[in-house]
Protein chains: 2
Amino acid sequence: MSKNCRFAVAVHTCTLLGMSDGQPLTSDWIAGSVNTNPVVIRRLLSVLAKAGLVTSIRGSNGGSVLARLPQAITLLDIQQAVDDDTEPALHNQPPNQKCPVGRGIQPVLRQVIDRAEAAREAVLSTTLLAEVIAAIKSGG
Amino acid sequence: MSKNCRFAVAVHTCTLLGMSDGQPLTSDWIAGSVNTNPVVIRRLLSVLAKAGLVTSIRGSNGGSVLARLPQAITLLDIQQAVDDDTEPALHNQPPNQKCPVGRGIQPVLRQVIDRAEAAREAVLSTTLLAEVIAAIKSGG
DNA sequence: GCTCCATGTAATGGTAGTAATTACAGTTAC
DNA sequence: GTAACTGTAATTACTACCATTACATGGAGC
């Protein structure tokens, strides 16, 4: 119980949905595979639904299905859906504006961090959910 | 007081040291520019010293100096020094091994996350502390 | 209608990570 | 010896996250 594992759980969940042949899966069932509480899954599915990645069906015989084909979902889509990407972590308190470094450091840092983050996201954007599913199928 | 701002403070600190022409700077002075408590700076300097990036001089007229030229310090060096890069955040609890997805998801995820992280670090490794200093000097 | 079986969501508790601060021991120049 | 530093432990406060309970809502099937 330490770090943010929403991305991992979200990919896990989408993989399950992508392998169910359109059959709706319940949060209970998914939670059994992820090994967590169904409410955690429901909250996650709610976020994924807001991002247009899944659709939930209420009522008896309900559950969730993918809203798009696995070929049309990138891991970046999933990451951006579940990680509220607030500002990158810079200083908590604004640095001393009387110091040239304190005045100039933040824009420079932001630019570098943004470039680094863009490189990371580029990799995620070229990985499709369909590829994850294929890897699971071939690996098992 | 929320997120991890050690990287930002560390770059800020190294920038100050790199602009001081070899003059040792005290944690009090650095804290004044960063706008935080001197103890926070001393803890950070201690970590940077362990990574071989700075050297601290104890006693009166003491302080800290860079242990290498700014041209020989990348932002990746700083990042790796201050961020204990433990395992990437996957599931908290191991997923259900009886499920094919639960069994196979973690290696697949780890591979993708590692590739994405490598791309991010590649950008940081090509940015030198000297460039940050140059940007500050030209920007102010 | 009623009854299940689901989702949706609020509220709570526990754990962990981080920053800020106080306090004090160790070290060095003068 | 004293003053000016670093090094580090201990404490407090705050935030983020996950797990869990509880309950309202919605829909299928009788």
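This report concerns the structure included in the present document. Keep in mind the model is a prediction, meaning the values are calculated, not measured. (Residues numbered from 1 in each chain as written. Chains lettered and ligands numbered in written order. Predicted model: local features only at pLDDT ≥ 70, side-chain atom pairs only at ≥ 80, totals over all residues. Heavy atoms only, no water.)

Focus on the protein's contact with DNA strand C
Part 1: Every one of the 29 residues lining DNA strand C counts as a neighbour, but Ser27(A), Arg42(A), Arg6(B), Thr36(B) and Ser60(B) are closest to it.
Part 2: When atoms of DNA strand C within 4 Å of the protein are split into backbone and base, the sugar-phosphate part holds 65%.
Part 3: Side-chain polar atom of Arg58(A) to a base oxygen of DNA strand C: 3.1 Å apart, as the coordinates give it.
Part 4: Between DNA strand C and Thr36(B) there is a distance of 2.5 Å, counted from a phosphate oxygen to a side-chain nitrogen or oxygen.
Part 5: For the surface near DNA strand C, the residue count by class is seven nonpolar, 15 polar and seven charged. (Near = heavy atom within 4 Å. Polar contact = N/O pair within 3.5 Å; in protein donor to acceptor, adjacent residues only side chain to side chain. Nonpolar A, V, L, I, M, F, W, Y, C, P; charged D, E, K, R; others polar.)

Let's talk about the relation of the copies chain A and chain B
Part 1: Turning chain A through 180° and shifting it by 0.0 Å along the axis lays it on chain B, with an RMSD of 0.1 Å. When the rotation and shift are considered jointly, the pair of chain copies conforms to a two-fold rotation axis. Judged by C-alpha distance, Arg120(A) is the residue of chain A that lies nearest the rotation axis, at 2.4 Å.
Part 2: In this assembly the copies share their binding face: 100% of the residues contributing to the interface of chain A also contribute to that of chain B. (Least-squares fit on C-alpha atoms with pLDDT ≥ 70 in both. Contact = heavy atoms within 4.5 Å.)

Structural notes on the pattern of salt bridges
Part 1: Applying the stated criterion across every chain, the model contains six salt bridges over all chains.
Part 2: For Asp77(B), the salt bridge is made with Arg68(B), and the minimal N-O distance between the two is 3.6 Å.
Part 3: Given a relative accessible area of 24%, Asp77(B) falls into the partly exposed group.
Part 4: Overlapping salt bridges, with partners in common, bring together Glu117(A), Arg120(A), Glu117(B) and Arg120(B) in one network. (Salt bridge = Lys/Arg side-chain N within 4 Å of Asp/Glu carboxyl O. Buried < 20%, exposed > 50% of the residue type's maximum accessible area, 1.4 Å probe, protein only.)

What about unusual backbone geometry?
Part 1: Non-glycine residue Asn35(A) carries a positive phi angle of around 70°.
Part 2: By secondary structure assignment, the location of Asn35(A) is in the loop between helix H2 (27-34) and helix H3 (38-50). (Helix = DSSP H or I, 4+ residues; strand = E, 2+ residues; numbered from the N terminus.)

Focus: the protein's contact with DNA strand D
Part 1: Neighbouring residues of DNA strand D: 29 residues in total, closest Thr36(A), Arg58(A), Gly59(A), Ser27(B) and Arg42(B).
Part 2: Within 4 Å of the protein, atoms of DNA strand D come from sugar and phosphate in 62% of cases.
Part 3: Take Arg43(A): an N or O atom from its side chain is 3.3 Å from a base nitrogen of DNA strand D.
Part 4: If you list the elements that add at least two residues to the surface near DNA strand D, you get H3 of chain A together with helix H3 (38-50) and strand E1 (54-57) of chain B.
Part 5: Sorting elements by how many residues they give to the surface near DNA strand D places H3(B) first, with four residues.
Part 6: Here the residues of the surface near DNA strand D are counted per class, giving seven nonpolar, 16 polar and six charged.

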